Structures are given as structure tokens and as C-alpha cells.
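Below are the chains, spelled out letter by letter.
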There are 2 protein chains.
Amino acid sequence: MATKTPGIPKGTRDFSAEIIAKRNYIFDTIKKTYQTFGYQPIETPAFENLSTLTGKYGEEGDKLLFKILNSGNFLKKVTDNELSEKNTNKLAPLVAEKGLRYDLTVPFARYVVQHQNDITFPFKRYQIQPVWRADRPQKGRYREFYQCDADIIGSNSLINEFEIVQMIDQVFSNLNLDVTIKINNRKLLAGIAEHIGYPEKLVDITVAIDKLDKIGLEKVYEELKSRGIDEDAIKVLEPILNLTGTFDEKMQCLEMFVGETEIGTEGIDEMQTLFNYIKEFKFKSKIELDLTLARGLNYYTGAIFEVTSNETSIGSVCGGGRYDDLTGIFGLKDVSGVGISFGADRIYDVLENTNKFPETRKSAVKVMFVNFGEKEELYCLKALETLRKNNINAEIYPDNAKMKKQMKYANNKSIPFVILAGENEISDNKFTLKNMNDGTQDTIDINAIVKKLNL
Amino acid sequence: MATKTPGIPKGTRDFSAEIIAKRNYIFDTIKKTYQTFGYQPIETPAFENLSTLTGKYGEEGDKLLFKILNSGNFLKKVTDNELSEKNTNKLAPLVAEKGLRYDLTVPFARYVVQHQNDITFPFKRYQIQPVWRADRPQKGRYREFYQCDADIIGSNSLINEFEIVQMIDQVFSNLNLDVTIKINNRKLLAGIAEHIGYPEKLVDITVAIDKLDKIGLEKVYEELKSRGIDEDAIKVLEPILNLTGTFDEKMQCLEMFVGETEIGTEGIDEMQTLFNYIKEFKFKSKIELDLTLARGLNYYTGAIFEVTSNETSIGSVCGGGRYDDLTGIFGLKDVSGVGISFGADRIYDVLENTNKFPETRKSAVKVMFVNFGEKEELYCLKALETLRKNNINAEIYPDNAKMKKQMKYANNKSIPFVILAGENEISDNKFTLKNMNDGTQDTIDINAIVKKLNL
């Protein structure tokens, strides 16, 4: 019987050593920055109780949750009536009580509430773990992907916002990527909504403005109209959507615009404080106040951040903001926090597109011993032990295969050095070290090899 | 409405920074050893197609697979008849096409077959990822846990077995743990089965012998009898089960015992070759030939390994062996391999029980700036930037809270140093650095602080 070549579920990926090295370069850069800013790691289980996840991501999000079938008799809780109705929306929670993590924010909120008595607040945590979404897979969108989050919870200080801007700048400058950090504040948006006479339409206005980048000004106007904003109000909004100039010029205009609303004034004060910090420091990234930045997520209440690449048009590579009541969903009220999330997969694509991954060793193996057969093996194994004790990644081709085959193996794995030890070398207690790049070789003793390979 | 404190599914765990640091100590030690021996990482998706997983772990294993409910209308493929039967075993594959990884071995076999044209054989890979089993949770047994596997596939050489013994020894000696590496060979067991006249009962005999450690000699005899081995044959088996002495003594006895069978002779030759290597090297671990070691897994065909702690009785902390046809299940025949798996959770428990975790910094944060208020903040933020650029993990308490509260925060997080910068320090361009362990303090400039904290 012919067996079909096995595959993996759509939207998922296998990673080879070479890709893992590149991905770790991104993760390690982010992790390192989080750590220098005093953030510490937590990890949560891959699956949570569905009661923890459901209702936190909107109706659309609920549909994208991967649910885990209950073990054993999964129909135990289903009545014959319910079963015959075949209403899968109603049946799902009866046959599946657990779901795969959809993001790191809700598990973090759950973690904080569950462990609140063991946690020292303000709590600074980072978390780099995969999440799963039953989204339609497409280029750059996967069903399993990593998120890299950092949040500080339990502090209202705007120092936190400032340090988040610093962290974003640090990560992208360490990755040698040129980005723009866009900053806005939900309170400014609320002030604007109030100013144009639609305070209750904040969400509609936000959603429409959020699309400006993608659909353009005209379509945003249409959308605003269709959401019940009248033309006069839209006209008042126009200068805001077209706002240009320096930070100070924008702020001046804003003050005239939303200065009379209480919430708008708060937003202006927060923005001014944040930019007062920013002005005192040097950044590699471009930093700008962008009033059209809204970010879809409803739980943001203060500052919002979004980072885009200046080198490729790939959408947002990092985003975040302040939320005043994230843990409220689990019963812990009045804890304000602010956080960000780096999109590792998108950052990977930008680094790939701009050819900015550092020269990684394609192979982590530094040297391969050619296998000449039983007589020579022991001599090589002794030398291998010495190299490995000196932290040199080394291997012996395990079988006494043809030289050509062994050299091809070393080539395919991009192993930079090969050691040959035949009768002559053994009697002299030496090894012939061959440089696979330039073909030069040297017959030297083991100490000289350690020195050379440890360079 | 009162909200119930949220929890996590049974058998899963949250990990705090402190526990993560300890776990990483284990993972990093294993990873480092794998790398020096020329193994390279791969990663596979958390879920596989159920067709990849089902039937690979026996009937019991199939029951322990976590299955993922199909998205959307999951009853699409179920007829009314099938539904009304309520046979969940039959229904499960119709409503769930994916399942969570149960181990790393089957995904590895799938990976090798799927990517066979891109892989250079012999293929040495390691993989450290979580797996999930719907097992009944109990002390030391979780539904989500990490496996740490290394395998080499596509080579028959016994050098591989030897290097695996070296790797095991290296990992445990780096962890400062005292262990015994038990080695056996399935071919010896086959020779024994043949010798006592039950070649077809190899699996029954193996299963019974495997329990010797747990249930004792008498019960093993009973089990053998119940599996259809007659008393005469069991008597012949007795000296094998009671085999003691040095390696050479055991081998001598074995030769008399299974020397006349072909498969037994192969087993003796392989064992002798392996021990010839071993004798030439120094090991920290105890290494012994243990004929009662059988290991339940049916796919092993040659050498088998198991490692137990000499310090606590916690069962096996590492195990593995050679398999001649792992990838055959996916259509790639005649590829022999050998591998091991470290049980990170058990190793964690041994290190905890024996108090052998190295002194880890409870907190990765080295220093905290006390927050005296707006006027001083900028001065501190500038200093923070310098410290972080020098790779010192540092933070400022974000709010201008009472000194007592701020110091309590530093204490709870075990931050070893605190910096105070008030009016006097600022006018002198200095900082007061307080050692939280001995209470001493010094007023020095930023360069001196960098030097001191980088020690």
C-alpha cells in the first residue's frame, strides 16, 4: 500500500534549524530589552478554560477560538433534544470546555487575578509564547504564531508609557530597522467625538478613522455617514484627519479643537507629558502624534501605540496601549495597565525583505571529523571529547562512508571545518584541519585546534 | 454580581519568573549538550492532523489525545444516523480532524518523511517543546509538559549509541546530579525469548520483565505464567533476572545463555562494541548493563537506555533507544535511528528535592530607582538609559509612592540594589547606591555605579 506523504494542518509551520536561529534572533532581542527595563517572564498553559476566553474577543473572535473536544464521552452533557437540533453554536460549549490561547492579554489578565495575592504590584511581566486562531490562512497570516507581550499593571504613571516608547525604539534599533512609532490617546478621540457632537459615537468614529490608512479619506467619510454622523460634523472633523506639522503645531490645533471638553483636556495633558519626556532623549525611530491612529481593540482607554516599518509596507509590526480595566472581566477592578506586543512574524518578514538578518552561521556545528573506520574512531572520539569540553560544537560522521559522501554532508550542513585523522596523523598525535571555505589545511595538535576553532 | 476567581484547566500550570529561571537552567543545560554534539533544533506545530497521530501510541494512547473541534459547523460530516447512535469513538474523527502533539517522536518521524528531500542524512535533530496528554493528573504528572528529545536518523553506527551515553553523562554531570545509566538491547531480549522456547512471546516477556522494578520477582513470575509461559521456561529465565557482577561477568553468562541464537549473538556483539567504547572514557554516572530493562515502547529494536537518580527514587529521568523503522509508518522504509528524551519535570523535582538548583537571582532586576517625584524623574530616567545600555537590568518605581511602599516593592522582588537621587545628589551629579542585603550605601557617580553593578 502506498502511503500518502504526511503533511501539517494548514496555517501551521515546521521550523528548521536555520529559521529557528533567525526567529531566536528576534525573540532574544525583544527579551533582552524587556529584561533591561525590569520586566520578568511568565508562562501560561496552551489551553485555558473556555469560560476564560469566550466573550473577550467579540463575536468574530469567539468563532476563531480553537476548542478542545472533551475527553471520553464528550456527549455526556448533551440531551437527545439538543443533539437533534444540531445547533453547533449551542453544542460547542457542551462538548468542549477548553480552548487554545487566542492571545496573551486575556491569559495575563486571568493570571493577575488568580495570583493577585502572590504578585507585587506594579507588576511588570513579559510573555513570549505561541497563540492559535482559526483564521483563514493567507500570506503572512498563520493559525499558530508567536506573540511577544510586555505589560505593566497597577500603575497610572506616564513614565510607563514613556518607557514603552523607549523599549520599542531599543528593539528596532537593535534589529537595525527603521520604523515610525505612532502615538495617539483614546481620550483625545473621545474629546473629538464630544466636540463634533457625537460623544456616544466614539467607537463608530474610531473604527472609521482606524481605516484611513487602508481605504483613504473619501471612504472614511462614507463610512462615517453610514454610521450616522451628519455631514456638518464630518466637516468639523476634517482638519483633524488632515492634521500635519510638528508635534507642537498639532498640539496647538488640538487645544482649540478639544480643549473645551474635560476628557479631551486630559488627553492633551497626557500627550504633552509623554512628549515632554520624549523631547529630552534621542531616538533612532521617528516618533509622531497620529490622531488617525485608533486601534480596533475596545479595551484601550489612554495612550495607544502603533509601529510601522519605513522600509517596507507590511502594516503594523508592534502595537499597544493603556487600558484601565483589563482585569475587571475577572473581578479585579480599578487596576490600570499599559502594554505592547511585537509581531515577530511580521518583523521576520521585514528583516528578510530588507536583507537585514545578521550573518548567522547556517550550521551551529563548527567541525566534522571524517570517519576513516574502526581503527581511527577512538582517536577521533577522544579529540571530540576535548573539543566539546571547550564548548566547540563538533561531530564525527558516524559511518565509515565514502569520502565524497562525508564531504558532501559537511558541505550541505555548511560546517566550516573538517578534521582528517588517518594513520600518519595518529602516529604523530596530530590532526589535519581543513578549512572548507578556502580549502587550506594544517596538520596540528589538539590544543592548536581548540585555539583555532575558538576564535 | 460576584465573579468567581478564574482558574486554569486541571493538569496545567502557570509559571512565575522564578520557576521559569529554574526550568531554563535545565533546558539550557540539555540544549547546550545537544549542540556540542552536533544536534540542531527543529520545531513542529502544536497540533497535527489526527491521521498523523492516531494509531501510533496504542489504544490507550489514542484515548489520551487532545482533539481539536473542527471550526464552524463541526457536525457537517456527521449523518443523522451516526449522530443518533451517539458512539463518541466513531464520532470523534468526524468532528475533530486535528489533535495536540502527544510526544515529539511521531511529529519528528512525520517531519523527516515530509522534508526528506531537504534533509541531509544522517539527520541529527533536537527538539524541546511541550506535549499534551489527557492523562489523569497526579503528583508529578501533568497534562501539559515539556519533552527534550534528540535523535539521529539514517545511521546504523554504534558510535551514535555511544555518543548518546556521553550526552546523558554530560547533562547530568553539568546538573551535578548522580545517576545510573542502564543499558540493554532488545536483541538480547529476543535471544532470551528464543532460548527459553518462546520466540513469539517476546513482547509478553518484555512487558513482564519491565515491571520487575515496580512489582518484584514473584509477581513477574505470576505475570509470565498468566501470559502463557510455562514454569520450566521461567526457571530457565531466573538467572537472567538475577544477573549480577561486572559487565564482563554478565556478558560471559549471556553468551552461554543466548549465544546459540542469531539475534542474541547480534545483541551481544552490539553490547560489546558499545561497552568497548565506554571503557575507554571516564564517566561521572554509573553505567550498567541491565537485562531487566525492557521499556514498554514497541518500536525499539536495538539498544535501550534508561536513567535513574541515585539520590531520590523518582523513576526514570531520561530514556531512549534504537528503532529500525520509525519513519516506516509514514512510508519511508529502512531508516534506522536512535534517540533519547530527558524528562524535564522529573529532573526539576530531583534538583528541588536535593537542593541542587544553583543560586539563581530571584529577580533578574539588578537595581531600582526610588521615585521622589516629577522634579527628580528626568535625572533618574537619564541614568536608567545609561545603565540599560550597559546591559544592567534596571527600573524606576513608576509612581511617587511612599518610601516604605517603594522599598517593600524592591524587597519583594529581591532587587539587590536601590538608587536614591534627591536634590543633593542631583546638584552633585551623583547617586546614592544602597545595598539591600547589608544596608550599606555609597554616593557615587553613574560610571562608578555601572562598574559596581556590572561585577
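Residues numbered from 1 in each chain as written. Chains lettered and ligands numbered in written order. Predicted model: local features only at pLDDT ≥ 70, side-chain atom pairs only at ≥ 80, totals over all residues. Heavy atoms only, no water.

Undergrad: Hey, could you go over the overall build of chain A for me, with residue numbers and the actual values?
TA: What chain A contains, in helices and strands, is 18 helices and 16 strands. The C-alpha radius of gyration of chain A comes to 29 Å, more than 25% above the 23 Å expected for a compact globule of 455 residues. In terms of overall dimensions, chain A has a C-alpha envelope of 95 × 70 × 45 Å along the principal axes. For chain A, the residues scored as buried account for 57% of the 455 residues in total. Roughly 20,100 Å² of accessible area belongs to chain A as shown, and the carbon and sulfur atoms make up 46% of that amount. Between the averaged position of the 60 positive side-chain charges in chain A and that of its 66 negative side-chain charges there is a distance of 8 Å. (Helix = DSSP H or I, 4+ residues; strand = E, 2+ residues; numbered from the N terminus. Rg over C-alpha atoms; globule rule 2.2 N^0.38 Å. Buried < 20%, exposed > 50% of the residue type's maximum accessible area, 1.4 Å probe, protein only. Areas by Shrake-Rupley, 256 points an atom, 1.4 Å probe, with all protein chains shown as cover. Lys, Arg positive; Asp, Glu negative; His and termini not counted. Charge placed at Lys NZ, Arg CZ, Asp CG, Glu CD.)

Undergrad: Explain the pattern of salt bridges residue by residue, including any values.
TA: On inspection of all chains with the given rule, the structure shows 56 salt bridges over all chains. Between A:Arg13 and A:Asp345 there is a salt bridge, with the nearest N and O atoms lying 2.8 Å from each other. Highlighted residues: A:Arg13 in the segment before α1 (17-36) and A:Asp345 in helix α14 (residues 344-353), separated in sequence by 332 residues. The exposure classification of A:Arg13 matches that of A:Asp345, with both residues buried. A salt bridge links B:Lys225 to B:Glu231; the nearest nitrogen and oxygen atoms lie 3.8 Å apart. Sharing partners across several salt bridges, the network here consists of A:Lys124, A:Glu163, B:Arg388, B:Glu395 and B:Lys413. (Salt bridge = Lys/Arg side-chain N within 4 Å of Asp/Glu carboxyl O.)

Undergrad: Which residues make up the interface of chain B and chain A, and what values do they have?
TA: Accessible area lost upon the coming together of the parts is a frequently used measure of interface size. Residue-level contacts link 105 residues of chain B with 105 residues of chain A. Between chain B and chain A, roughly 8,700 Å² of surface is buried when both sides are summed, and carbon and sulfur atoms account for 60% of that area. Across the chain B-chain A interface, the total number found is 8 salt bridges. Taking the shortest distance from any N to any O, the salt bridge between B:Lys124 and A:Glu395 comes out at 3.4 Å. Across the contact surface, chain B and chain A share 38 residue pairs in polar contact (both at pLDDT 80 or more). (Contact = heavy atoms within 4.5 Å. Buried area = accessible area lost by both parts, 1.4 Å probe. Polar contact = N/O pair within 3.5 Å; in protein donor to acceptor, adjacent residues only side chain to side chain.)

Undergrad: Talk me through the pairing of strand β8 (residues 286-289) of chain B; I want residue IDs and the actual numbers.
TA: Residue and element names in this part refer to chain B. Burial along β8 is one-sided: the residues Ile287 and Leu289 are buried and none of Lys286 and Glu288 is. The sheet contact formed by strand β7 (residues 179-185) and β8 spans 4 bridges and is parallel. In the strand pairing of β8, Thr180 is matched with Lys286. (Pairing = 2+ DSSP bridges.)

Undergrad: Give a description of the packing of helix α8 (residues 186-195) of chain A against helix α12 (residues 247-258) of chain A that names residues and reports values.
TA: Residues and elements named next belong to chain A. Two elements in contact, α8 and α12, have axes separated by 9 Å at closest approach and are oriented at 45°. Between α8 and α12, the interaxial angle falls into the category oblique. Between α8, through Leu188, Gly191, Ile192 and His195, and α12, the contact on the second element is made entirely by Leu254, Phe257 and Val258. Across the contact of α8 with α12, the residue classes tally to 5 nonpolar, 2 polar and no charged. (Axes fitted to C-alpha atoms, helices over the stretch in contact; angles between N-to-C directions. Parallel < 35°, antiparallel > 145°, perpendicular 65-115°, else oblique. Nonpolar A, V, L, I, M, F, W, Y, C, P; charged D, E, K, R; others polar.)

Undergrad: Break down the relation of the copies chain B and chain A for me, with residues and values.
TA: Superposition of chain B onto chain A requires a rotation of 180° combined with a translation of 0.0 Å along the rotation axis, giving an RMSD of 0.0 Å. Given the turn and translation reported, the copies of this chain are related as if by a two-fold rotation axis. It is B:Ile68 whose C-alpha, among those of chain B, lies nearest the rotation axis, at 2.2 Å. Both copies present the same face, since 100% of the interface residues in chain B are matched by interface residues at the equivalent positions in chain A. (Least-squares fit on C-alpha atoms with pLDDT ≥ 70 in both.)

Undergrad: Explain α8(A) residue by residue, including any values.
TA: All names here are of chain A. Most of α8 is tucked away, with 8 of its 10 residues classed as buried. By the burial criterion, the buried members of α8 are Arg186, Lys187, Leu188, Leu189, Ala190, Gly191, Ile192 and Ala193. With a side-chain oxygen lying 2.8 Å from the backbone nitrogen of Lys187, the N-terminal cap of α8 falls on Asn185.

Undergrad: Talk me through the domain arrangement of chain A; I want residue IDs and the actual numbers.
TA: Split by domain assignment, chain A resolves into domain 1 (19-45 + 104-353) and domain 2 (367-453). Summarising the inter-unit geometry, the C-alpha centres of domain 1 of chain A and domain 2 of chain A are found 53 Å apart. (Domains from an automatic or database assignment.)

Undergrad: Talk me through the packing of α8(A) against helix α13 (residues 262-279) of chain A; I want residue IDs and the actual numbers.
TA: Each pair of packed helices can be described by the angle between their axes along with the distance between the axes. All names here are of chain A. The geometry of α8 relative to α13 is characterised by a closest axis approach of 7 Å and an angle of 150° between their N-to-C directions. Taken together, the axes of α8 and α13 are roughly antiparallel relative to one another. In terms of crossing hand, the pair formed by α8 and α13 is left-handed. Facing α8, whose interface residues are Lys187, Leu188, Ala190, Gly191 and Glu194, α13 presents Ile263, Gly264, Glu266, Gly267, Ile268, Glu270 and Met271. Across the contact of α8 with α13, the residue classes break down as 5 nonpolar, 3 polar and 4 charged. (Left-handed = near helix turned anticlockwise from the far one by under 90°.)

Undergrad: Explain the side chain of A:Glu43 to me, and be specific about the residues and the numbers.
TA: Inspection of the secondary structure puts A:Glu43 in the loop between β1 (40-41) and β2 (47-49). Beyond its immediate sequence surroundings of up to four residues, A:Glu43 is in contact with A:Gln127, A:Gln129, B:Arg13, B:Asp14, B:Phe15 and B:Ile20.

Undergrad: Describe the packing of aromatic side chains, with residues and values.
TA: According to the stated counting rule, one finds 40 aromatic pairs over all chains in the structure shown. The interplanar angle of 50° and the centroid separation of 6.2 Å between the aromatic rings of B:Tyr34 and B:Tyr39 together place this pair among those described as tilted. B:Tyr39 matches B:Tyr34 in its accessibility class, with the two residues each being buried. Geometrically, the ring pair formed by B:Phe162 and B:Phe281 is tilted, given 5.1 Å between the ring centres and 45° between the ring planes. Taken together, the positions of B:Phe162 in helix α7 (residues 159-174) and B:Phe281 in the loop between α13 (262-279) and β8 put the pair 119 residues apart, joining distant regions of the chain. With respect to class, B:Phe162 is no different from B:Phe281; both count as buried. What links up through ring pairs into an aromatic cluster is the set A:Tyr34, A:Tyr39, A:Tyr126, A:Phe172 and A:Phe342. A cation over an aromatic ring shows up here: A:Arg125 above the ring of A:Phe108, its NZ or CZ 4.0 Å from the ring centre. Across from the ring centre of A:Phe37, 3.7 Å away, lies the NZ or CZ of B:Arg388, which sits over that ring. (Phe/Tyr/Trp six-rings, centres within 6.5 Å; stacked < 30°, edge-to-face > 60°. Lys NZ or Arg CZ within 6 Å of the ring centre and 35° of its normal.)

Undergrad: I'd like a rundown of the nonpolar core, residues and numbers included.
TA: One broad rule of soluble globular proteins: the nonpolar side chains tend to lie buried together. Core analysis: the biggest nonpolar cluster contains 260 residues, and A:Phe172, A:Phe342, A:Leu387, B:Phe172, B:Phe342 and B:Leu387 have the highest contact counts within it. Those residues in contact with B:Leu387 that lie beyond four places of it in its chain are B:Val367, B:Phe369, B:Ile392, B:Ala394, B:Ile419, B:Ile446, B:Ile449, B:Val450 and B:Leu453. Ranked by size, the runner-up nonpolar core spans 14 residues in total, among them A:Phe47, A:Ile68, B:Phe47 and B:Leu100. (Core = buried A, V, L, I, M, F, W, Y, C linked by side-chain atoms within 4.5 Å.)

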